[in-house]
Amino acid sequence: MTCLLIKKFKTKNINATIEKFAAQNDRLALEFSFNINSVDTYIKTVADDTFVLYTEDIHGYYKDHEKLVNEHVRLKQIYTVTVKETPKKIVRLNYNINFSDNNISPAIILHPESQIPYKKYQPKEIYLLLLKELNNIKALNGILINIFDTQMKGKLKAFVKYLYSGKFVNKVKIPLFSGVEPEIRRNSKLVMRFLQKETNHQVIEVDEGEVLVDFIKPIFGKNGLNAFGEIIDNVYSKNSEDLKCHVDKKSIEIIENDDKKIYKSKIKGYVHFDENNFCIDNKIKMEHLSRVQDSVAKDEANNIEVIISQNDTSLDSLGEGVELTSETIHINGHVGAKSTLKAVNLTIDGATHKDSTQEAKFATINRHKGRLRCHSAKITLLEGGEVHATNVEIGNSLGGTVYAENVTIENVKNNLKVYASNSITIKRVSGEDNLFKISYKDIPTLNSKYNFLTQEIDELKYKLEGALKHTPSDVPLLKEQINELKIQQDSIVNGVKHAKISVKEAFRGLNTISFAFANGEELTYKTQEMAYEPFYIVESGDFFTLYPTQKKILIET
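A brief report on the enclosed structure follows. (Residues numbered from 1 in each chain as written. Predicted model: local features only at pLDDT ≥ 70, side-chain atom pairs only at ≥ 80, totals over all residues. Heavy atoms only, no water.)

**Some remarks on the pattern of salt bridges**
- All chains considered together, the criterion is met by 16 salt bridges.
- In this structure, the salt-bridge partner of Lys261 is Asp242, at a minimum N-O distance of 2.8 Å. Placement of Lys261 in strand E17 (residues 260–265) and of Asp242 in the loop between helix H6 (234–241) and strand E15 (246–247) is noted, with a sequence separation of 19 residues between them.
- A relative accessible area of 7% means that Asp242 is categorised as buried.
- Note that Lys437 and Glu522 form a salt bridge whose closest N and O atoms lie 3.0 Å from each other. (Salt bridge = Lys/Arg side-chain N within 4 Å of Asp/Glu carboxyl O. Helix = DSSP H or I, 4+ residues; strand = E, 2+ residues; numbered from the N terminus. Buried < 20%, exposed > 50% of the residue type's maximum accessible area, 1.4 Å probe, protein only.)

Right, dumping it as structure tokens:
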């Protein structure tokens, strides 16, 4: 008889407790579930120096919103849980959580792919199972449970009726927590001044001392309380609404007072802004050109856009071996062998040589035979070339290889290989011997990203070991960072479950459709000369099924 592991814990971080218990017993955390036996709620007001266990009726206390606000109440909870090794859960929810502004009213989005065996249970039993599951999900995400949940319970009861009527075919939203909204006299506002400048370029030039961003801070009449038991006031909102990315202090000055925050350029240069970084950079440079130097301004200060023209169609606009780097490059002729182009915006009206390389953020190419790396690519004709991108649009293809997240093609002839992680959308496949495959492992950039995340996680785990011994205050942030990176890894690995391959018109020859899974297994189908509904994967029971073909493989546990 198999002896299942089970143990009771008192914890404020259920995830960490399960992971530690699993590791101690040479198990994976996914092999365990938990029950919440009881919850202790701790409260801190303006009169308290630390959190104090609240032993009275917490429900009566929190219903008085005026009292909560006036006393600057903060809440946190510690759970008594039973962690147990579970062969199979009764309810398996497929979901995501939407956190509202300031995390006051988060909601769960239930997907119809969720496994809820309502036909085997009475409605009241299903309601209690779902209520338990929602509270578990809330506790895992740090959301207070058993309080501020009247609306959640009401919506859940309505959902159970909806479930038994057989109408759960679309996503359903259920509020998890109904916090105290702050009274705002003036809303915060982020004014991206540099984005309001008139420019034709993706890179924006700014002067020294120029104001780039204004953050106008909010003014509260009354504070609020969010789903994590935190007070929502000027300090909290300032952190949640302000710029999230890293700001380069060497090139950008930050000036702050009680009313607003100003981001000002320290140097003249070009703005680099994305979700990770905000800086000013003046290192956009051009290297030597052959045959066409007369058409390019030689003053590097003016080197923002490079347009290269060659009227003689027998000659390459960009000569052999040329390396060119600029913000915007527009070549209305052909690109020679062994040449390298690097740009934000790249346009090539002619053809790229098979031994040439292009790197860009946005690329538009008429005929592509070379090797392209970019974020977004638009190619009129792919002639045996190679493309690495996030999003790719192709008019016609005559062979070649594409690695991307999303690929759209008008007409495919023969011998094309497309590897995507999210979607492949094709209007017409008029030839054969083409491969359309959903597989993150075949996409070098996603493999590199996954390996990079693994390295980051390993480094954070090493820091976590040190923090547990020497600096306990750093532990929550390190664990949060590790979990965020693991979520990113899971989205890469499990992307195949949500991916789709669509071919609008009937196939005219033999081609291959393939979906590859993280364990190396693949579902592969050879098309016939006929039309198909979109191809996608459905996980059901112990099988992955490739629709609309009904081919399936066993899910290895």
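And the narrative resumes.
**Focus on the pairing of strand E30 (residues 500–503)**
- As defined by bridge partners, strand E28 (residues 416–429) adjoins E30 across four bridges and the pair is classed as parallel. Looking at the pairing, Ser423 lines up with Lys500 of E30.
- Where E30 lies against strand E33 (residues 535–540), two bridges are found, and the strand directions are antiparallel. When the sheet's bridge partners are listed, Lys500 is paired in E33 with Tyr536. (Pairing = 2+ DSSP bridges.)

**Here's the deal with the environment of Asp248**
- Considering the arrangement of structural elements, one finds Asp248 in the loop between E15 and strand E16 (252–256).
- Taking the relative accessible area as the measure of exposure, Asp248 reaches 21% and is therefore partly exposed.
- Those residues within four positions of Asp248 in sequence are excluded, and the remaining contacts are Phe278 and Cys279.
- Among the polar contacts made by the side chain of Asp248, one reaches the side chain of Ser251 at a distance of 2.7 Å. (Contact = heavy atoms within 4.5 Å. Polar contact = N/O pair within 3.5 Å; in protein donor to acceptor, adjacent residues only side chain to side chain.)

**A few points about the packing of aromatic side chains**
- Following the criterion strictly, the structure yields 18 aromatic pairs and no others.
- Geometrically, the ring pair formed by Tyr440 and Tyr450 is tilted, given 6.1 Å between the ring centres and 40° between the ring planes. Placement of the pair is Tyr440 in the loop between strand E29 (435–438) and helix H7 (444–470) and Tyr450 in helix H7, with a sequence separation of 10 residues.
- Between Phe507 and Tyr532 the ring centres are 5.7 Å apart and the planes differ by 75°, which places this aromatic pair in the edge-to-face class. Residue Phe507 is located in the loop between E30 and strand E31 (512–516), and its partner Tyr532 is located in the loop between strand E32 (522–526) and E33; the two are separated by 25 residues in the primary sequence. Each member of the pair, Phe507 together with Tyr532, is buried.
- Cluster of aromatic residues (ring-pair linked, three or more members): Phe194, Tyr263, Phe273 and Phe278.
- Against the face of Phe543 rests Lys552, its NZ or CZ located 5.3 Å from the ring centre. (Phe/Tyr/Trp six-rings, centres within 6.5 Å; stacked < 30°, edge-to-face > 60°. Lys NZ or Arg CZ within 6 Å of the ring centre and 35° of its normal.)

**Some remarks on the side chain of His111**
- Of note, His111 is situated in the loop between strand E6 (107–110) and helix H4 (123–140).
- Once residues lying within four places of it in the same chain are set aside, the contact partners of His111 are Asn94, Tyr95, Asn96, Phe168 and Lys171.

**What about the nonpolar core?**
- Core analysis: the largest hydrophobic core is formed by 49 residues, its most contacted members being Val387, Val402, Phe436, Phe515 and Phe535.
- The element best represented in this core is E28, accounting for six residues.
- Beyond its immediate sequence surroundings of up to four residues, Val402 is in contact with Leu382, Val387, Val392, Ile394, Val407, Leu416, Lys417, Val418 and Tyr419.
- Counting residues in each nonpolar core, the second largest holds 36 residues, with Ile43, Leu68, Ile137 and Leu225 among its members. (Core = buried A, V, L, I, M, F, W, Y, C linked by side-chain atoms within 4.5 Å.)

**With respect to helix H1 (residues 14–24)**
- Ile14, Ala16, Thr17, Ile18, Phe21 and Ala22 are the residues of H1 that are buried.
- Elements in contact with the buried residues of H1: strand E1 (6–11), strand E2 (32–44), strand E4 (74–85), H4 and helix H8 (475–493).
- For H1, the N-terminal cap is Asn13; the gap from its side-chain oxygen to the backbone nitrogen of Asn15 is 3.3 Å.
- Of the residues one or two after H1, Asp26 is the one with positive phi, at around 55°.

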